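Report on the structure
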Protein chains: 2
Amino acid sequence: MRACVLGSAAGGGFPQWNCACPNCRDLRAGRPGLRARTQDSVAVSEGGERWALLNASPDVLAQLARYAPLHPRGPRVSPLAAVVLTNGDLDHCLGLFCLRESTPLAVYATNAVRRGLVERNALCRTLARFEGHVAFRALELGRPVALCDAAGEPLGLEVVARPVPGKPPLHLAGDPPSPEDNVGLWVRGCGGGEALAYVPGAGALGDYVAHLEGAGCVLFDGTFWSDDELVRLGLGRARAAEMAHLPVGGPGGSLAALASLGARRKLFTHVNNTNPALREGAGERRAIERAGWALAEDGLEVILE
Amino acid sequence: MRACVLGSAAGGGFPQWNCACPNCRDLRAGRPGLRARTQDSVAVSEGGERWALLNASPDVLAQLARYAPLHPRGPRVSPLAAVVLTNGDLDHCLGLFCLRESTPLAVYATNAVRRGLVERNALCRTLARFEGHVAFRALELGRPVALCDAAGEPLGLEVVARPVPGKPPLHLAGDPPSPEDNVGLWVRGCGGGEALAYVPGAGALGDYVAHLEGAGCVLFDGTFWSDDELVRLGLGRARAAEMAHLPVGGPGGSLAALASLGARRKLFTHVNNTNPALREGAGERRAIERAGWALAEDGLEVILE
């Protein structure tokens, strides 16, 4: 199975349009050691002919334009066949509306995520231009599903969605929480082989961590380095925990908890523009690298064997 | 007043992610005479300090990143203060959700467009994170309005919205049509001076055409060259007229009707990826240029005097 990290930033991207924090400012000024990142998404394929996206970011059009294996093969014939969502956050769903131009797509989501999207937003009708345009299919927690295109043709990929502590998206705040609000995805070729474990949002550790062990590649929530990152920079009042993101750093952080994880490749993704680890050579970045982890980067390809 | 064409393509952009029509194919292959275009939007400013967008395209983040006058001036201090919408089409509104990161914005739209967006989509709650986050204000047909930021500070810009034949967005098809569904915008500095007339979607001629006369710059619907453009390319069944776009070419087209328009600068924008005029040197492009018109391009700056 092939995977390509199309985007590795948290909501807003890096740099973020309205942000002049030290990271965003220095990146815009062209200082070395910082790389632009679009919003979190991964493309996966068994064989390279037909592809599925894990999340559809608001930057999806730029992401598809940059990655030649996803360019169309004929008039309105796209290799993109399916999208799998981890939650209903806008940085993971908004791209669906950028993909509305009549190419049939299958969209896999938990029932909670699908309902929040389809039943609450008239915009979704733009994804139902004709019978078979966008086919929503249910992700059931813990149950493997063989991905198919909108017409039911198998893509040779199997996905398991597992619940990960999170919360409903901001625009559905107040809705009763559900274990279906936020999932991680374990993706592998149907013939077996290594799994890609993709957990771009994690508010805490949990049962799912045991399933990261032995993965060919783990992509894990790297949003914030510290719980009070936004507060200390004067950019917001919310702590990482309130936004359902376990920070990477500190004694209770994900790096300490997952440092010894037995996975071949271990990458942080969904990195917020304020995260000090974005800066090459920074102490936080070195700590990540010393632990055998790395930051995912846009365009990074991974082969799962 | 300064204006910058941030995007000059119709919905989907050029090239379009799922399209391999001759234009899209040749642009991807790097053949000369074709230029990439993002989706239709214009930035305007009186003085260059604070800006308003005319439409918020799905490509807004890439558009803001490319245009230095719209980069933030301090931590979460953006020069972008307002957005004015011409209709509720996704290629004009989706960018609002990309601008959700807590910078206060004023959004000007007709009541019909605002209702279709805000009352029918839970997603819009992401634009109401705090009191004064996104302030919707009504555009009344034919009535000048002085644009202000979300806090009510004037931006030195005056806008008049005039009805232009169109239709409700695809996702609200079936709703009763209203003259508020689609408008053109006439924008000038509050101190007077030349107007920018911005009519990116026009299903037919009408009373509004008289108001194009004498504008410093006209940006007009250049979506399709011919009524059956999509049908002949085998890309769709809809004719331009059904999609509420008056074609540029032919005896009944906008070029013939507006060739002698007395405006200083006359540009077609919102150009679909299939339009043969996208190709430099093509007969259709030469016909546009012979008539004293041109195609708008991403990044094109216009000074209104």
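Relevant structure appears above.
Here's what I pulled together on the structure shown here.

Definitions and limits used
- Residues numbered from 1 in each chain as written.
- Chains lettered and ligands numbered in written order.
- Predicted model: local features only at pLDDT ≥ 70, side-chain atom pairs only at ≥ 80, totals over all residues.
- Heavy atoms only, no water.
- Helix = DSSP H or I, 4+ residues; strand = E, 2+ residues; numbered from the N terminus.
- Rg over C-alpha atoms; globule rule 2.2 N^0.38 Å.
- Buried < 20%, exposed > 50% of the residue type's maximum accessible area, 1.4 Å probe, protein only.
- Phe/Tyr/Trp six-rings, centres within 6.5 Å; stacked < 30°, edge-to-face > 60°.
- Lys NZ or Arg CZ within 6 Å of the ring centre and 35° of its normal.
- Arc of directions from axis to C-beta.
- Contact = heavy atoms within 4.5 Å.
- Buried area = accessible area lost by both parts, 1.4 Å probe.
- Salt bridge = Lys/Arg side-chain N within 4 Å of Asp/Glu carboxyl O.
- Polar contact = N/O pair within 3.5 Å; in protein donor to acceptor, adjacent residues only side chain to side chain.
- Nonpolar A, V, L, I, M, F, W, Y, C, P; charged D, E, K, R; others polar.
- Pairing = 2+ DSSP bridges.
- Axes fitted to C-alpha atoms, helices over the stretch in contact; angles between N-to-C directions.
- Right-handed = clockwise from strand over helix to strand, strands pointing away.
- Least-squares fit on C-alpha atoms with pLDDT ≥ 70 in both.

Assigned secondary structure in chain A consists of eight helices and 14 strands. Against the compact-globule benchmark of 19 Å for 305 residues, chain A has a radius of gyration of 18 Å, which places it among compact chains. Reported as C-alpha extents along the three principal axes, the dimensions of chain A are approximately 50 × 40 × 40 Å. Relative to its 305 residues, chain A shows a buried fraction of 60%.

Our focus in this paragraph is the packing of aromatic side chains. All names here are of chain A. Counted by the stated rule, this structure contains six aromatic pairs over all chains. Summarising the aromatic geometry, the rings of F268 and W293 are spaced 4.5 Å apart at their centres and angled 25° between planes, so their arrangement reads as stacked. Pair noted here: F268 is in strand β12 (residues 265–269) and W293 is in the loop between α8 (283–290) and β13 (294–295), with a separation of 25 residues, a long-range link. By relative accessible area, F268 is classed as buried at 1%. The exposure class assigned to W293 is buried, which follows from its relative accessible area of 3%. Over the ring of W186 we find R162, and its NZ or CZ is 4.8 Å from the ring centre.

In this chain, A:F14 is followed by A:P15 through a cis amide linkage whose omega measures 0°. Relative to the helices and strands, A:P15 resides in the loop between β1 (2–7) and α1 (22–28). A positive phi angle, near 75°, is found at A:N55, a position not held by glycine. One non-glycine residue, B:A244, lies in positive phi territory at about 60°. Turning to its location among the elements, B:A244 is positioned in the loop between α5 (229–232) and α6 (254–258). Take B:A244: its relative accessible area is 12%, and that puts it in the buried class.

Another aspect to go through is helix α4 (residues 111–118) of chain B. All names here are of chain B. Among the residues of α4, those classed as buried are A112, V113, G116 and L117. Projected onto a plane normal to the axis of α4, the buried residues spread over an arc of 125° and lie on a single side. On its buried face, α4 is in contact with α3 (90–93), β5 (105–109) and β6 (134–138).

Taken together, the contacts link 44 residues of chain B with 44 residues of chain A. Ranking the residues of chain B by area buried against chain A places B:W17, B:R76 and B:L123 at the top, with a combined share of 22%. Summed over the shared surface of chain B and chain A, the number is zero salt bridges. At the surface where chain B touches chain A, the tally comes to 18 residue pairs in polar contact (both at pLDDT 80 or more). Contributing elements (two or more residues each) for the side of chain B that touches chain A: α2 (60–66) and α3 of chain B. For the side of chain B that touches chain A, the per-class residue count stands at 21 nonpolar, 14 polar and nine charged.

Moving on, we get to the pattern of salt bridges. Residues and elements named next belong to chain B. Per the stated rule, a full pass over the model turns up 32 salt bridges over all chains. For E289, the salt bridge goes to R285, with nearest N and O atoms at 3.2 Å. Placement of the pair is E289 and R285 together in helix α7 (residues 283–290), with a separation of four residues, close to one helical turn. Judged by relative accessible area, which is 44%, E289 ranks as partly exposed.

In this section: the environment of A:G47. Examined against the element boundaries, A:G47 turns out to sit in the loop between β2 (41–45) and β3 (51–54). By relative accessible area, which is 69% here, A:G47 ends up exposed.

It is worth spelling out the sheet that holds strand β4 (residues 80–84) of chain A at this point. Residue and element names in this part refer to chain A. Strand order across the open sheet formed by seven strands is β6-β5-β4-β3-β2-β1-β14, with mixed pairing between neighbours. Single-partner strands in this sheet number two, and they are β6 (134–138) and β14 (301–303). Across the sheet, the mean angle separating the axes of adjacent strands is 20° when strand polarity is ignored.

Time to look at the pairing of β5(B). The side chains of a regular strand alternate between both faces of the sheet. Residues and elements named next belong to chain B. Among the five residues that make up β5, five are buried, leaving the element largely enclosed by the rest of the structure. Side chains of β5 alternate between two faces, with L105, V107 and A109 and A106 and Y108 buried alike. Of the strand pairs in this sheet, strand β4 (residues 80–84) and β5 are connected by three bridges, and their pairing is parallel. When the sheet's bridge partners are listed, V84 is paired in β5 with Y108. Since β5 and β6 lie parallel, the crossover through α4 that links them has a hand, and here it is right-handed.

It is worth spelling out the pairing of strand β8 (residues 154–163) of chain B at this point. Residue and element names in this part refer to chain B. Two strands pair when backbone bridges link them, and strand β7 (residues 145–148) and β8 are joined in this way by three bridges, in the antiparallel orientation. Its bridge partner lying in β8, V145 is registered against V159. From the end of β7 to the start of β8, which pair antiparallel, there are five residues, and G152 there has a positive phi angle of about 95°. One ladder, built from seven bridges, connects β8 with strand β9 (residues 183–189); its direction is antiparallel. From the neighbouring strand, L157 faces β9, where its bridge partner is G189.

After a rotation of 180° and a shift along the axis of 0.0 Å, chain B superposes on chain A with an RMSD of 0.0 Å. Taken together, the rotation and translation describe the operation of a two-fold axis. Among all C-alpha atoms of chain B, that of B:N121 lies closest to the rotation axis, at 2.0 Å. Both copies share a contact surface, since 100% of the interface residues of chain B are interface residues in chain A too.

Residue and element names in this part refer to chain A. By the element assignment, A238 lies in the loop between α6 (229–232) and α7 (254–258). Linking A238 and R50, residues 188 residues apart in sequence, is a C-alpha distance of 40 Å. If we ignore the near neighbours within four places in the chain, the residues touching A238 are L230, V231 and M243.

Turning next to the sheet that holds strand β10 (residues 192–199) of chain A. Residues and elements named next belong to chain A. Spatial ordering of the open sheet is given by β7-β8-β9-β10-β11-β12-β13, a layout of seven strands whose pairing is mixed. Sheet topology places β7 (145–148) and β13 at the edges, where each strand pairs with a single neighbour. One ladder, built from four bridges, connects β10 with strand β11 (residues 217–221); its direction is parallel. Paired with V199 across the bridge in β11 is F220.

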